[in-house]
Amino acid sequence: MSAHTPPTIEALTRTFLDAYAAADSTAVLPLIDADNITVYGSDASEFFQGRAAFLSMLSNDARLWQHSANIGPMQHVSTVFSGDIATIFFDASFTVGGRPPVPLRCAAVWQRHGKRWLLRQAINVVPTTGQSATDLLAAH
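Notes on the structure in this doc start here. A quick note: this is a predicted structure, and the numbers were derived from the prediction, not measured. (Residues numbered from 1 in each chain as written. Predicted model: local features only at pLDDT ≥ 70, side-chain atom pairs only at ≥ 80, totals over all residues. Heavy atoms only, no water.)

Let's shift gears to the overall build of the protein chain. Along the protein chain, the regular secondary structure elements total 4 helices and 7 strands. Counted from the first residue to the last, the protein chain has its helices and strands arranged as α-α-β-β-α-β-β-β-β-β-α. In summary, the protein chain has a C-alpha radius of gyration of 16 Å against a globular reference of 14 Å for 140 residues, a match within 12%. Its C-alpha atoms give the protein chain principal-axis dimensions of about 55 × 35 × 30 Å. Across the 140 residues of the protein chain, 36% fall into the buried class. Taking contacts inside the protein chain between residues at least 6 apart in sequence as the whole, the part at least 24 apart equals 45%. In the protein chain, 9 positive and 11 negative side-chain charges are present, and the distance between their average locations comes to 6 Å. (Helix = DSSP H or I, 4+ residues; strand = E, 2+ residues; numbered from the N terminus. Rg over C-alpha atoms; globule rule 2.2 N^0.38 Å. Buried < 20%, exposed > 50% of the residue type's maximum accessible area, 1.4 Å probe, protein only. Contact = heavy atoms within 4.5 Å. Lys, Arg positive; Asp, Glu negative; His and termini not counted. Charge placed at Lys NZ, Arg CZ, Asp CG, Glu CD.)

Below is the structure:
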């Protein structure tokens, strides 16, 4: 990517994921709309709005993961653009502390501010396996 080519939403998302997994707030903060960020974690209690809540979430994850988190390659990537809004949905694997990887399903909303894209909303969940309608109907 040249110095004059803006990064793609997929590249920005990858940069965000890597910086977040590394608990690098210096790299993460310039990528988010800190005043308006909303993040939904994989636990029902994990709902964060604004800069202070986001930094608290990042700090707690860093303490829990002890700098051993890794988010694998993005797969099944789908992006949609509409004016100053871009969405990206994808799957990735997540590992921490040498444990087996778990699947993540993620979605993010980016909003353009001038020439920059900032993360406005994000959600990640650990999807079930073997619980699709097809799987459940076949079991009956």
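Having seen it, we continue.
It is worth spelling out the pairing of strand β5 (residues 85–95) at this point. Pairing between strand β3 (residues 70–71) and β5: 2 bridges, direction antiparallel. Bridged to asparagine 70 within β5 is threonine 95. As judged from the 6 bridges shared by strand β4 (residues 75–82) and β5, these two strands associate in the antiparallel manner. By the bridge assignment for β5, threonine 79 is matched with isoleucine 88. Linking β4 back to β5 in an antiparallel pair, the connection comprises 2 residues, with glycine 83 at a positive phi of about 60°. With antiparallel pairing between neighbouring strands as the criterion, β5 and strand β6 (residues 102–113) make up a hairpin whose turn holds 6 residues, including glycine 97 at a positive phi of roughly 60°. (Pairing = 2+ DSSP bridges.)

Although it is not a glycine, alanine 23 sits at a positive phi angle of roughly 55°. Turning to its location among the elements, alanine 23 is positioned in the loop between α1 (9–21) and α2 (25–28). The backbone phi angle of glutamine 66 is positive, close to 50°, even though this residue is not glycine. Considering the arrangement of structural elements, one finds glutamine 66 in the loop between α3 (50–65) and β3.

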